[in-house]
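So the chains spell out like this:
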Amino acid sequence: LLMRSGQLAAAVSIVNERLQGTFEQLQVTPATSLEIFLGKMIPLGGVFAVDVVLMVLAAGFLMGVWPHGSAIFFVAVSSFFVMTSLALGLVISATSSTAAEAVQKTVLSSIPLVQLSGFAFPIRNMPTFVQWVAELFPATHYIRVSRAIYRRGEGPIALLPDLALLALFGVLLMAI
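Rules behind the numbers
- Residues numbered from 1 in each chain as written.
- Predicted model: local features only at pLDDT ≥ 70, side-chain atom pairs only at ≥ 80, totals over all residues.
- Heavy atoms only, no water.
- Salt bridge = Lys/Arg side-chain N within 4 Å of Asp/Glu carboxyl O.
- Helix = DSSP H or I, 4+ residues; strand = E, 2+ residues; numbered from the N terminus.
- Buried < 20%, exposed > 50% of the residue type's maximum accessible area, 1.4 Å probe, protein only.
- 1 Å grid on protein atoms, 1.4 Å probe; cavity = no way out; pocket = protein on both sides within 12 Å on 5 of 7 lines; lining within 4 Å.
- Points joined across faces, edges and corners; volume = space filled by probe spheres on them.
- Nonpolar A, V, L, I, M, F, W, Y, C, P; charged D, E, K, R; others polar.

Asks: What should I look at first to understand the pattern of salt bridges in this one?
Replies: Any two side chains of opposite charge can pair, on the condition that their charged atoms come close. Counted by the stated rule, this structure contains four salt bridges. Notably, a salt bridge pairs Asp-162 with Arg-144, separated by 3.0 Å at the nearest N-O pair. A residue pair is termed long-range when its members are at least 10 positions apart, and Asp-162 in helix α8 (residues 160-175) and Arg-144 in helix α7 (residues 138-152) qualify at 18 residues. Judged by relative accessible area, Asp-162 falls into the buried class, the value being 12%. One network of salt bridges, in which partners are shared, links Glu-135, Arg-144 and Asp-162.

In structure tokens form, the structure reads like this:
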């Protein structure tokens, strides 16, 4: 949900601004491209970070499922993953000419993410080639890290390889 919602919110908002002409108005202001980028990412990222906190609290209070590891670490990793999904949404918006096209691209990109990330099916049960492809999705590493924090209480040191790959994906998508 974080990946799809973040992509969709970022993609549709930018495409709509471009269609209405407000994005071009931003580009002629003294703001740099980085400032415009951060101005789009940070508010949406804040909203989704609050959403993560609410999900952790709801899971804990309503279902009695608390992370065995650090909840703060989980929220921090989830917040970075949200920024990664928002960056992917901005990439989708840059290649879409209408909001409908952005929605379609978001839905089409989320299908393999869900199917191959280990969320719906265990990656170890997939053919070897598909396992390699699954490693190319940020969601695969986020799900692996989330399960490790929630189930086994692992910390940053044990999760360093997946955290490094998640950071690499985030930085690459933000650079694009």
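Asks: I keep staring at the layout of surface pockets and nothing clicks. Help me out?
Replies: Regions of empty space are outlined by a rolling probe, equal in size to a water molecule, passed over the atoms. Put simply, the largest pocket is a space of about 820 Å³. As for the largest pocket, its lining consists of 23 residues, of which Leu-1, Leu-2, Phe-119, Tyr-142 and Ile-143 are closest to the centre. Here the lining of the largest pocket gets six residues from one element, more than from any other, and that element is α7. Classifying every residue of the lining of the largest pocket by side-chain character gives 18 nonpolar, three polar and two charged. Size it by volume and the second largest pocket reaches roughly 400 Å³. Phe-23, Ser-33, Phe-37, Leu-90 and Ile-176 are the residues nearest the centre of the second largest pocket, which is lined by 19 residues in total. Secondary structure elements with two or more residues in the lining of the second largest pocket: α1 (2-20), α2 (22-27), α3 (33-63), α4 (71-94) and α8.

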